[in-house]
Amino acid sequence: LQRAKDAEALKSAFYKTLLKEKEKLEEAAQGALETVEENFKALYSAYKKEKASYNKQLDAQKEDNLKAKQTVIEDLKALLEKDEDVSTTLPEFRAIQDRWREIGAVPAQNFRDINNTYQLYVEQFYDRLKINRELRDLDFKKNLEAKQELCEKAEKLAESANVMEAFRELQRLHDAWKDLGPVAKQYREEIWERFKVATAVINKKYQGYFETVMEEQEENMAK
């Protein structure tokens, strides 16, 4: 995604500069600029072909991920149908959660439905956990510790000098956050606010970095 943004920014900067240069030169002296433009078009065409190939592979992987997540959901449904004590099925439930988190992205048009379905069954399992308050509180504690760890990672990223890598890693942290179960009610707002503050810092740095890069690219192109 970032590479595509950079490519489009370069294309925009190139043609903006090219237009300015053409306005400065007499018509008879514009042959050199036409050669430069043809070279740019050839490079950009090669990039587009590479991007199309990459997107095709990425789409295929997302379809495979969708099937894998559908399988996890079916296993979760089967777990809910087991007539066993919740303390017996809890380890299996956690293993299913781990499998879900390990699966990558799915097609955008399926993201909302597949995640809503998964969360629905997760909530049903937690409803069963309410029968055993001790087990439920234990799982809430486990989820809180996991979210605290994500907050620490986000806060560390907010201090990183590598803005691009910090932004990319932040997206992975957000995906991990979504896959975690709930925490005790008294901690929900506090833990989310902590994560949100670190996120805002990284996003602001990323936006500023990209604006600076754009300015530098235009200056370099002009030179």
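On a predicted model such as this, the values are computed, not experimentally measured, just so you know. (Residues numbered from 1 in each chain as written. Predicted model: local features only at pLDDT ≥ 70, side-chain atom pairs only at ≥ 80, totals over all residues. Heavy atoms only, no water.)

1. Comments concerning the overall build of the protein chain
- Counting its regular elements, the protein chain contains seven helices and zero strands.
- Relative to the 2.2 N^0.38 estimate, which gives 17 Å for 223 residues, the radius of gyration of the protein chain is 25 Å and therefore markedly larger than a compact globule would have.
- Projected onto its principal axes, the C-alpha positions of the protein chain cover 85 × 35 × 20 Å.
- Relative to its 223 residues, the protein chain shows a buried fraction of 32%.
- Long-range contacts, defined here as pairs at least 24 residues apart, represent 76% of the contacts in the protein chain between residues at least 6 apart.
- Surface accessibility of the protein chain: about 14,700 Å² in total, with carbon and sulfur atoms responsible for 52%. (Helix = DSSP H or I, 4+ residues; strand = E, 2+ residues; numbered from the N terminus. Rg over C-alpha atoms; globule rule 2.2 N^0.38 Å. Buried < 20%, exposed > 50% of the residue type's maximum accessible area, 1.4 Å probe, protein only. Contact = heavy atoms within 4.5 Å. Areas by Shrake-Rupley, 256 points an atom, 1.4 Å probe, with all protein chains shown as cover.)

2. Brief notes about the pattern of salt bridges
- Taken as a whole and assessed by the stated rule, the structure comprises 12 salt bridges.
- As a salt-bridge pair, glutamate 74 and lysine 77 come within 3.6 Å of each other at their nearest N and O atoms. Note that glutamate 74 and lysine 77 are positioned in helix α2 (residues 31-81) at a spacing of three residues, about one turn of the helix.
- By relative accessible area, glutamate 74 is classed as partly exposed at 46%.
- By relative accessible area, lysine 77 is classed as partly exposed at 26%.
- Between glutamate 165 and arginine 168 there is a salt bridge; the shortest N-O distance is 3.3 Å. In this pair, glutamate 165 and arginine 168 are both assigned in helix α6 (residues 163-179), three residues apart and thus about one turn of the helix distant.
- According to the relative accessible area criterion, arginine 168 is partly exposed, its value standing at 39%.
- When salt bridges with common partners are traced through the structure, they connect Glu165, Arg168, Glu169 and Arg172 into a single cluster. (Salt bridge = Lys/Arg side-chain N within 4 Å of Asp/Glu carboxyl O.)

3. Quick look at the environment of glutamate 189
- Considering the arrangement of structural elements, one finds glutamate 189 in helix α7 (residues 185-222).
- Considered as a pair, glutamate 189 and valine 213 are 24 residues apart in the sequence and their alpha carbons are 36 Å apart.

4. A closer look at the packing of aromatic side chains
- For the structure on display, the rule yields 10 aromatic pairs.
- Taking 3.8 Å as the distance between ring centres and 5° as the angle between the ring planes, the aromatic pair formed by tryptophan 100 and tyrosine 118 counts as stacked. Of this pair, tryptophan 100 sits in helix α3 (residues 86-102) while tyrosine 118 sits in helix α4 (residues 108-129), and the two are 18 residues apart along the sequence. Comparing tryptophan 100 with tyrosine 118, the two get one shared label, buried.
- Taken together, the ring pairs in this structure connect Phe93, Phe125, Tyr126 and Phe140 into an aromatic cluster.
- The ring of tryptophan 100 carries lysine 69 above its face, with NZ or CZ at 4.4 Å from the centroid. (Phe/Tyr/Trp six-rings, centres within 6.5 Å; stacked < 30°, edge-to-face > 60°. Lys NZ or Arg CZ within 6 Å of the ring centre and 35° of its normal.)

5. Focus on the nonpolar core
- In terms of nonpolar packing, the biggest core is built from 22 residues, with Leu76, Phe93 and Phe125 touching the most fellow members.
- Elements that contribute at least two residues to this core include exactly α2, α3, α4 and α5 (133-158).
- In this structure, Leu157, Ala158, Ala166 and Ala198 belong to the second largest nonpolar core, which totals 16 residues. (Core = buried A, V, L, I, M, F, W, Y, C linked by side-chain atoms within 4.5 Å.)

6. Looking at α4
- An ideal rise of 1.5 Å per residue puts 32 Å on 22 residues; α4 measures up with 32 Å between its terminal C-alpha atoms.
- Taken together, the buried positions of α4 are occupied by Ile114, Asn115, Tyr118, Tyr121, Val122, Phe125, Tyr126, Arg128 and Leu129. For α4, the arc enclosing every buried residue in end-on projection is 145°, short of the 170-degree limit, so these residues lie on one face. Exposed residues pointing more than 90 degrees away from the buried face of α4 are listed as Gln109, Arg112 and Asp113. (Expected span 1.5 Å × (residues − 1). Arc of directions from axis to C-beta.)

7. Examining the side chain of aspartate 179
- Checked against the element boundaries, aspartate 179 lands in helix α6.
- No salt bridge is formed by the buried aspartate 179, whose closest oppositely charged neighbour, lysine 69, lies at an N-O distance of 5.2 Å.
- Reaching out from aspartate 179, the side chain makes a polar contact with the side chain of tryptophan 100 at a distance of 3.1 Å.
- If we ignore the near neighbours within four places in the chain, the residues touching aspartate 179 are Trp100, Arg101 and Asn115. (Lys, Arg positive; Asp, Glu negative; His and termini not counted. Polar contact = N/O pair within 3.5 Å; in protein donor to acceptor, adjacent residues only side chain to side chain.)

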